[in-house]
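# Analysis of the macromolecular model
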Amino acid sequence: MPRLVMKFGGTSVADLERIRAAAVKIKREVDRGYQVIVVVSAMSGETNRLVGLVDQASMGADAKTPGFFDAREYDAVVASGELVTSGLLAVVLQEMGIQARSWQGWQVPVNTTDDHGAARIESIPSDNLDAKFAEDMEVAVIAGFQGVAPDGRVTTLGRGGSDTTAVAFAAALNAERCDIYTDVDGIYTTDPRITAKARKLERIAFEEMLELASLGAKVLQTRSVELAMRNRVRLQVLSSFNDEPGTLVCAEEEIMESNVVTGVACSRDEAKMTLISVADRPGIAAAIFTPLADAGVIVDMIVQNISEDGRTDMTFSCPVADVPRAEKALEDAKARGEFNYRELDKDTDVAKVSIVGIGMRSHAGVAQKMFKNLADDGVNIKVITTSEIKVSVLVDRKYMELTVQSLHDAFELERTA
Ligand code: ADP
Ligand code: ASP
Ligand code: MG
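In what follows, the accompanying structure is described. (Residues numbered from 1 in each chain as written. Chains lettered and ligands numbered in written order. Predicted model: local features only at pLDDT ≥ 70, side-chain atom pairs only at ≥ 80, totals over all residues. Heavy atoms only, no water.)

### Section: the site of ligand 1
For the record, the criterion: The criterion for a residue being near a molecule or strand is simple. One of its heavy atoms has to lie within 4 Å of it. What qualifies as a polar contact is a pair of N or O atoms within 3.5 Å, subject to a donor-acceptor requirement within protein and to the restriction that residues adjacent in sequence count only when both atoms come from side chains. Per-residue accessibility takes into account occlusion by the displayed protein chains alone, with areas from the Shrake-Rupley method and a 1.4 Å probe. Gly falls in the polar group here, along with every residue not listed as nonpolar (Ala, Val, Leu, Ile, Met, Phe, Trp, Tyr, Cys, Pro) or charged (Asp, Glu, Lys, Arg).
Residues in contact with ligand 1 amount to 16 residues; listed here are only the nearest, Thr182, Asp183, Tyr188, Asp191 and Arg193. Between Thr182 and ligand 1, the recorded distance is 2.7 Å, taken from a side-chain N or O atom to an oxygen atom. Asp191 has a polar side-chain atom sitting 2.8 Å from an oxygen atom of ligand 1. Burial of ligand 1 by the surrounding chains reaches 89%, relative to a free accessible area of 570 Å². Of the residues assigned to the shell around ligand 1, the class counts are six nonpolar, five polar and five charged.

Encoded structure:
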């Protein structure tokens, strides 16, 4: 029998009414003759609530400063949201006369690394599910976002991780397709919450979706796109609220003609840090970025400016949440004499806006058009990075929405190619 993976995100299982609506869509696929593997998220808001509880539990006597917490226990707590929704959906499906069974990560098992809070899936042996499907199971309801480490403890895959669970099951169980049901009816040219002019794409190339996701379009977790691309999983994003056709994420060759720029992404919680006046010598970048990497700071953009006195300013961007850790790592390394700088300048009020499109490979002047547009809007660009298929700029956070809307207009994204 052909197999299908259907993933329902937080808003799609937010309460029993939504869970029943999901069950109707699942039954339709069972009636079409599929063995269905359903992957569920926690109810919307639930994972945030659980993360908040761990923060509070770890606070010191002042109840203000979040303390150290054991990442294994963080996982034990935050993985629980998905247990509830998987069980509830199985009950609702059974009430509809469907042979459904819930599966927690360790029961399948979803084997992961032991990087608690950001574990990576290593393997999903299909024997247990195969055996149950061969008996009488019609639907397996999998708790997304979770797995089991080699030592048997529960792990989680990082925020938004049930997308990755879904794609991993599609690959491991040879599913015909992986359908991601969410609160939008597909992948748009930009976040439809930012501009009503955003247009739904019929298809998008893996490479483009990978860039958009890693640049802030949270409609799919970056790793899920990576995994789908590597395993050639047919990935579709569609709405759990209606029956509109969704967006297919597919190989570039399957797309006929597209605009030069396919989409605009943005990421709100960015920060820019500059080490002013460091020595311009071989090894300086390694000296600076090693302690940052050791502290787990996710460095994104990097710019180095040589000044006349033979010294250099080193600027980098990272998530706002990483700033305290970055600051401490740099100050400690300076105190150890690994390098010197005159000042550490922090700007925690910036956002990143990016344009993405495989058409950029064969078109000149795309970056120039982007910069001209920002200039006309009076928006100052703080840092620029480019790759073959994207241009990203860092701007003051208060200009983020304006910049997205303006670039969406400038590259005529509301029009089809
Ligand atoms: P789920 O809980 O179903 O996983 P998410 O909130 O993680 O849903 O992702 C869906 C959201 O992604 C949408 O509500 C939308 O605001 C946002 N989004 C950002 N960029 C895009 C885009 N280019 N196309 C569609 N949605 C986008
Ligand atoms: N519930 C988890 C989160 O909010 C996983 C997911 O929804 O994909 O991050
Ligand atoms: Mg999500």
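### A word on the nonpolar core
Filter applied, for reference: Put simply, a nonpolar core is a bunch of buried Ala, Val, Leu, Ile, Met, Phe, Trp, Tyr and Cys residues held in one set by side-chain atoms that sit within 4.5 Å of each other. Whether a residue is buried, partly exposed or exposed follows from its accessible area with a 1.4 Å probe, protein chains only, as a fraction of its type maximum: under 20%, in between, or over 50%, in that order. Working definition: helices are DSSP H or I runs of at least four residues, strands are E runs of at least two. Numbering for both runs from the N terminus. Residues count as neighbours in contact if any of their non-hydrogen atoms are within 4.5 Å of one another.
Judged by nonpolar contacts, the single largest core of 40 residues is most densely connected at Val5, Leu129, Ile142, Phe169, Cys178, Met209 and Leu220. For this core, the secondary structure elements donating two or more residues are β2 (35–40), α5 (127–135), β6 (139–143), α6 (162–172), β9 (177–182), α7 (206–214), α8 (222–231) and β11 (235–239). For Val5, the residues in contact, after removing those within four places along its chain, are Ile37, Val39, Ala166, Phe169, Ala170, Ala175, Arg177, Cys178 and Asp179. Counting residues in hydrophobic clusters, the runner-up holds 23 residues, among them Ala22, Val36, Val38 and Leu89.

### Structural notes on the packing of α6 against α8
Applied cut-off: Fitted lines through C-alpha atoms give the axes, limited to the stretch in contact for helices. The angle between two N-to-C directions lies from 0 to 180 degrees. Orientation labels follow simple angle bins: below 35 degrees gives roughly parallel, above 145 gives roughly antiparallel, 65 to 115 gives roughly perpendicular, and whatever is left gives oblique. For a crossing to be left-handed, the near helix must be turned anticlockwise from the far one by less than a right angle; the clockwise case is right-handed.
At a closest axis distance of 8 Å, the pairing of α6 and α8 adopts a crossing angle of 15 degrees. Taken together, the axes of α6 and α8 are roughly parallel relative to one another. Here the hand of the crossing between α6 and α8 comes out left-handed. Touching Asp163, Thr164, Val167, Ala168 and Ala171 of α6 are Arg223, Ser224, Leu227, Ala228 and Asn231, all from α8. Each residue belonging to the contact of α6 with α8 can be placed in one class, and the counts come to five nonpolar, three polar and two charged.

### What to know about the sheet that holds strand β17 (residues 383–387)
For clarity, the cut-off: We treat two strands as partners when DSSP finds at least two bridges between them.
In space, the six strands of this open sheet follow the order β14-β15-β13-β16-β18-β17, with antiparallel pairing throughout. Since the sheet does not close on itself, it has two edges, and those belong to β14 (302–306) and β17, each with one partner. If you compare each strand with its neighbour and ignore which way they point, the axes differ by 25 degrees on average. Pairing of β17 with strand β18 (residues 390–396) involves five bridges; the strand directions are antiparallel.

### Concerning the packing of aromatic side chains
Note the threshold: Whether two aromatic rings pair depends on their centres lying within 6.5 Å, for rings of Phe, Tyr and Trp, where Trp uses its six-membered ring; planes under 30 degrees apart make the pair stacked, over 60 edge-to-face, and the rest tilted.
Summed over all chains, the structure comprises three aromatic pairs. A centroid spacing of 5.7 Å and a plane angle of 80 degrees characterise the contact between Phe289 and Phe316, whose relative ring orientation is edge-to-face. Within this pair, whereas Phe289 is found in helix α9 (residues 284–294), its partner Phe316 is found in strand β15 (residues 311–319), the two being separated by 27 residues in sequence. For the pair formed by Phe289 and Phe316, the shared burial category is buried.

### Topic: helix α1 (residues 16–31)
To keep things clear, this is the line we draw: Working rule for helices: expected span equals 1.5 Å times residues minus one. This arc corresponds to the set of directions leading from the helix axis out to the C-beta atoms.
Relative to the 22 Å expected for 16 residues at 1.5 Å per residue, α1 spans 22 Å between its end C-alpha atoms, a close match to the ideal helical length. Turning to α1, its buried residues number three or more, namely Arg18, Ile19, Ala22, Ala23, Lys25, Ile26, Glu29 and Val30. Relative to the axis of α1, the buried residues are bounded by an arc of 165 degrees and lie together on one face. Exposed residues on α1 whose side chains face more than 90 degrees from its buried face are Glu17 and Asp31. Where α1 is buried, its residues touch β1 (3–8), β2, α4 (80–95), β6, β9 and β11. The residue sitting at the N-terminus of α1 and contributing the capping side-chain oxygen is Asp15; that oxygen lies 3.2 Å from the backbone nitrogen of Glu17. Of the residues one or two after α1, Gly33 is the one with positive phi, at around 105 degrees.

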